[in-house]
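# Tertiary structure, described
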Amino acid sequence: MRRSLAELSPQEILWVALRIEERNARIYENYAEMFEWYEPDVARTFREMAREEREHGRRLGVMYAERYGDAVCDLTEEEIREIVEAPVFEDGEAFIYDRARRRHAFEVGREAERRARAFYAEMAERATDAAVRALFRELAEIESEHEALLAQKLAEDSARDREERGEP
Amino acid sequence: MREGYVLGLIPETWRFELTRFPWVRRLLKSRWMPLALILFNVFLFTLILMAGFFGGLVVPGNYNFGIMIVWILWWVLLMTVLVPVLSRFWCTMCPLPFLGEWLQRLRLFDVRYEKGRNPSFGLNKRWPKSLSNMWLMNILFLVTTFASGFFTVRPAATFVLLTAIIALAVALSLIYRARTFCLYVCPVSGFQGLYSNFALTEVRVKDPEICARHKQKGCVVGNERGYGCPWLLLPYAFRRNTYCGMCFECLKTCEYDNMAVNLRPPGVDLLVDEKRGLDEAYKALIMLGIAIVFFATFQGPWGTLKDWANAATLSGYVTFIGLHASWNLIVLPAIFLLFVWLARRAAGQPVPLKKVYVNFSYATVPLGLAAWIAFSLGIILPNGSYLLHVLSDPFAWGWDLFGTAHFPWTPIFTGIMPYLMILTLLVGLLFSLDIAFKIARQTFPEPEAAVRGALPVVGFLGAMTVGLMWLFVG
């Protein structure tokens with residue numbers, strides 16, 4: 001039976017958060033594969049985002065190790081009811097119209113991070129256990145940083161596009 | 001009418017999953033499907049080409065297997081059953097891109113999967129962005145109809161058309177990736193795509209959450225069970241039938257059996273407010289326009305018009321092409337623009353005229369489809385009995401395979417045909433009106449403005465219906 005993230009212990013929450021970053025890295029790699037033959041620039045962007053997700057996962061791994069050592073949780077993401085931070089490239093006809101660009105990849109990532117931040121923040125509000133609440137807040141803050149980073153990349157990309165087009 | 005209901009009766013979200021039946025899912029997941037259907041049609045089209053060649057060069061005339069099967073049986077089935085009910089099911093079994101796809105895959109039955117991909121033979125180039133739309137298909141279909149007067153009386157014309165399409169499909173499949181020919185070039189594909197948005201059947205994802213968690217989307221990149229979507233869709237995300245060729249590869253590749261074939265209410269995809277474009281708007285209007293021209297030319301009382309279309313004289317033929325092209329590319333779109341301009345004015349909302357034009361064009365789809373169904377009735381009911389003749393003597397060599405070679409011409413239901421046509425048209429109009437009001441609400445956010453804005457479009461649809469009814473019985 002699936003459980004809500006709110007029902008988990010802090011250790012389990014951190015474990016799942018770590019798994020989510022790893023899962024997202026795999027999803028971005030798959031998107032990169034999808035776009036490889038279509039738009040190498042978008043594929044490169046997705047690979048870059050996969051690397052970042054792995055880095056996020058590594059940092060959460062360090063945090064987990066500091067708090068819980070080598071203890072492993074017997075819990076997979078599939079056992080969680082909510083879908084947290086799943087990046088979805090939603091334009092089902094993007095290849096047909098030849099419309100996908102780098103910024104679309106960044107937007108997919110930013111949207112996933114935004115949803116994750118909002119979700120963790122909501123969980124923090126609802127949590128009754130102080131330790132769980134603190135962890136959710138910490139995770140929301142981390143996701144907020146990721147979101148800001150992608151927003152910055154999106155802005156840089158737009159500026160680069162404008163520059164390439166010779167616009168002010 | 002109730003919001004969210006088709007004709008105020010059926011919820012737009014209603015679905016009945018056909019693949020819930022294990023035998024249906026097994027059938028669609030088998031690699032024999034659609035290959036078996038394609039192979040049957042390859043055989044049939046070989047006969048059609050032979051009939052077009054031998055019958056065309058040796059014994060000209062319309063008592064020909066190719067003409068009868070393609071322009072009477074296939075066309076009528078396509079317009080009356082396949083597209084409105086089964087969406088792009090013709091594309092499922094179409095033999096025209098068969099050779100090209102075989103060459104790309106270098107496999108007929110099983111799946112090539114190497115190094116995490118389905119390798120594809122050929123240059124695998126990307127189709128130019130400027131042509132990644134329906135414009136080319138619009139023009140090619142219109143140009144094909146310039147020769148409509150020949151197709152039904154000269155078997156060689158059908159032979160040349162089909163041979164050219166097959167050759168083009170093979171050539172493009174060696175240069176460009178996947179089903180580029182079907183997506184951007186095939187003259188039949190464009191209107192099937194647009195009209196399939198009205199269809200009662202769809203292939204869709206069942207539970208998007210499963211796809212959101214799924215790390216390896218075989219439906220896009222392929223796997224050892226099947227090919228990544230040859231129609232370049234992202235099967236886990238697409239929301240309308242326009243470009244889904246119903247090849248069922250996504251049912252084969254999905255590890256979670258999360259793709260489904262559903263029955264659904266008619267016309268729901270016409271309400272999907274994304275990816276609408278001027279190319280599709282023109283497709284809708286061109287199809288309606290050609291239906292009107294065909295009625296007037298081939299089923300109307302004007303013999304002169306038919307002579308022009310049949311190229312009895314060169315000047316007459318040039319006149320036909322000129323009138324036909326101007327009506328479809330300029331006059332009808334301009335008339336529609338006038339009504340749309342009135343709609344925008346009546347609504348009094350600051351919505352760009354292009355957006356209003358494009359959005360409302362989708363409301364013409366049910367009426368256009370009904371016009372084509374009515375036109376098809378005008379073909380099959382008087383001429384269907386010819387089919388028995390040509391089945392027995394496909395090459396006009398004097399055979400009598402089934403004992404029906406001398407079956408007399410027997411028109412059926414021609415007495416009530418105009419009424420059947422009118423009934424069909426009125427049903428189409430009803431759906432068009434329903435869609436028009438819903439699109440008005442999407443286009444003009446204020447409810448009262450939406451009603452005011454819909455009225456001129458209702459006027460356009462009504463005028464087209466009256467015009468077509470006059471052609472049926474006038």
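Residues numbered from 1 in each chain as written. Chains lettered and ligands numbered in written order. Predicted model: local features only at pLDDT ≥ 70, side-chain atom pairs only at ≥ 80, totals over all residues.

### Remarks on the overall build of chain A
What chain A contains, in helices and strands, is 5 helices and 0 strands. Order of helices (α) and strands (β) in chain A, N terminus to C terminus: α-α-α-α-α. The principal-axis extents of the C-alpha atoms in chain A amount to approximately 55 × 30 × 25 Å. By the burial criterion, 40% of the 168 residues in chain A qualify as buried. At a minimum sequence separation of 6, the contacts of chain A that also span at least 24 residues come to 75%. (Helix = DSSP H or I, 4+ residues; strand = E, 2+ residues; numbered from the N terminus. Buried ≥ 20, exposed ≤ 12 C-beta atoms within 10 Å, placed from the backbone. Contact = placed C-beta atoms within 7 Å.)

### A few points about the overall build of chain B
Counting its secondary structure elements, chain B contains 21 helices and 5 strands. Here the C-alpha radius of gyration of chain B, 23 Å, is about what a compact globule of 474 residues would show, namely 23 Å. Reported as C-alpha extents along the three principal axes, the dimensions of chain B are approximately 60 × 60 × 40 Å. For chain B, long-range pairs separated by at least 24 residues make up 78% of all intrachain contacts whose partners lie at least 6 apart in sequence. (Rg over C-alpha atoms; globule rule 2.2 N^0.38 Å.)

### Describing the pairing of strand 5 (residues 259-263) of chain B
All names here are of chain B. Where strand 3 (residues 16-17) and strand 5 come together, 2 bridges link them in antiparallel fashion. Across the sheet, Phe16 pairs through a bridge with Leu263, a residue of strand 5. Bridge count for strand 4 (residues 201-205) against strand 5 is 5 bridges, and the pairing is antiparallel. Paired with Arg204 across the strands is Ala260, a residue of strand 5. (Pairing = 2+ DSSP bridges.)

### Brief notes about the sheet that holds strand 5 of chain B
What the 3 strands build is an open sheet, ordered 3-5-4 (chain B); its pairing is antiparallel. Taken across any chain shown, the strands that pair with only one partner, and hence form the sheet edges, are strand 3 and strand 4 of chain B.

### Considerations on the nonpolar core
Counting 170 residues, the largest nonpolar core has B:Leu288, B:Ala291, B:Ala371 and B:Ala436 as the members making the most contacts within it. By residue number, the principal contributor to this core is helix 1 (residues 10-36) of chain A, which donates 14 residues. Each of domain 1 (17-270) and domain 2 (281-473) of chain B contributes no fewer than three residues to this core. Setting aside its immediate chain neighbours within four residues, B:Ala371 contacts B:Leu288, B:Ala291, B:Leu425, B:Gly428 and B:Leu468. (Core = buried A, V, L, I, M, F, W, Y, C linked by C-beta atoms within 7 Å. Domains from an automatic or database assignment.)

### Some words on the packing of helix 14 (residues 278-299) of chain B against helix 17 (residues 353-361) of chain B
All names here are of chain B. The contact between helix 14 and helix 17 brings their axes to 8 Å, and the two run at 50 degrees. Here helix 17 runs oblique to helix 14, going by the angle between their axes. The way helix 14 lies across helix 17 gives a crossing that is left-handed. Residue-level inspection shows Leu278, Ala281, Ala284 and Leu285 of helix 14 in contact with helix 17, the latter providing Lys354, Tyr357, Val358 and Ser361. Here the residues of the contact of helix 14 with helix 17 are counted per class, giving 6 nonpolar, 1 polar and 1 charged. (Axes fitted to C-alpha atoms, helices over the stretch in contact; angles between N-to-C directions. Parallel < 35°, antiparallel > 145°, perpendicular 65-115°, else oblique. Left-handed = near helix turned anticlockwise from the far one by under 90°. Nonpolar A, V, L, I, M, F, W, Y, C, P; charged D, E, K, R; others polar.)

### Some points on the interface of chain A and chain B
At the interface, 23 residues of chain A touch 22 residues of chain B. For the side of chain A that touches chain B, the secondary structure elements donating two or more residues are helix 1 and helix 3 (94-97) of chain A. The biggest single contributor to the side of chain A that touches chain B is helix 1 of chain A, with 6 residues. Looking at the side of chain A that touches chain B residue by residue, the class counts come to 12 nonpolar, 2 polar and 9 charged.

### Here's the deal with the confidence of the model for chain B
Here chain B averages 93 in pLDDT, while 98% of its residues score no lower than 70. Interface confidence in the predicted complex, given as ipTM, is 0.87; pTM for the same model is 0.91. (pLDDT = per-residue confidence, 0-100.)

### As for the domain arrangement of chain B
Think of interface size as the accessible area that goes away when the parts come together; that is how it is often given. Residues and elements named next belong to chain B. Segmentation of chain B into domains returns domain 1 (17-270) and domain 2 (281-473). Just the C-alpha atoms count here: the centres of domain 1 and domain 2 sit 24 Å apart. Every contact between the two is made by 34 residues of domain 1 and, on the other side, 34 residues of domain 2. Only helix 2 (32-58), helix 3 (65-86), helix 6 (135-146), helix 7 (148-151) and helix 10 (187-195) provide two or more residues apiece to the side of domain 1 that touches domain 2. Residue composition of the side of domain 1 that touches domain 2, grouped by class: 24 nonpolar, 10 polar and no charged.

### A word on helix 6 of chain B
Residue and element names in this part refer to chain B. With 12 residues, helix 6 should cover 16 Å at 1.5 Å per step; its first-to-last C-alpha distance of 17 Å lies within 8% of that length. Turning to helix 6, its buried residues number three or more, namely Met137, Asn138, Phe141, Leu142 and Thr145. Angular distribution of buried residues about the axis of helix 6 spans 130 degrees; they occupy a single face of the element. Residues of helix 6 that are buried in the fold lie against helix 7, helix 9 (180-185), helix 10, helix 14 and helix 16 (314-347). (Expected span 1.5 Å × (residues − 1). Arc of directions from axis to C-beta.)

### Let's talk about helix 8 (residues 155-175) of chain B
Given a rise of 1.5 Å per residue, 21 residues ought to cover 30 Å, and the 31 Å separating the end C-alpha atoms of helix 8 of chain B matches this to within 8%. Considered for burial, the residues of helix 8 of chain B that qualify are B:Pro155, B:Thr158, B:Phe159, B:Ala169, B:Leu172 and B:Ser173.

### Details of the environment of B:Ala312
Residue and element names in this part refer to chain B. Mapping Ala312 onto the fold places it in the loop between helix 15 (303-309) and helix 16. Using a count of 14 C-beta atoms within 10 Å as the deciding quantity, one classes Ala312 as partly exposed. Once the C-alpha coordinates of Ala312 and Gly149 are considered, the two residues, 163 residues apart in sequence, prove to be 10.0 Å apart.

### Details of the environment of A:Glu93
Structurally, the position occupied by A:Glu93 is in the loop between helix 2 (40-68) and helix 3. A:Glu93 gets classed as buried once you count the C-beta atoms within 10 Å, which come to 20. In contact with A:Glu93, other than residues within four places in its own chain, are B:Leu233, B:Phe238, B:Tyr243 and B:Lys275.

### So, the environment of B:Val427
Note that B:Val427 resides in helix 20 (residues 417-443). On a C-alpha basis, the gap between B:Val427 and B:Ala370 in space is 7.5 Å, while along the polypeptide they are 57 residues apart.

### What about the confidence of the model for chain A?
Here chain A averages 85 in pLDDT, and 99% of its residues register 70 or above. Across chain A, the element-wise mean pLDDT spans from 85 in helix 5 (residues 130-164) of chain A up to 89 in helix 3 of chain A.

### A few points about unusual backbone geometry
Glycine aside, negative phi is the norm for most residues, and most peptide bonds take the trans geometry. Residues and elements named next belong to chain B. Of note, the amide linkage connecting Met33 to Pro34 takes the cis form, showing an omega dihedral of 10 degrees. Along the polypeptide, Pro34 turns up in helix 2. Positioned with a positive phi, Phe413 is a non-glycine residue whose angle comes to about 55 degrees. When you line up the elements, Phe413 lands in the loop between helix 19 (386-392) and helix 20.

### Some thoughts on the packing of helix 18 (residues 364-383) of chain B against helix 21 (residues 447-473) of chain B
Residue and element names in this part refer to chain B. Two numbers describe how helix 18 lies on helix 21: the axes approach to 11 Å, and their chain directions differ by 5 degrees. Our classification of the angle between helix 18 and helix 21 gives roughly parallel. Contacts between helix 18 and helix 21 involve Thr364, Leu367, Ala371 and Ala374 on the former and, on the latter, Leu461, Met464, Thr465, Leu468 and Phe472.

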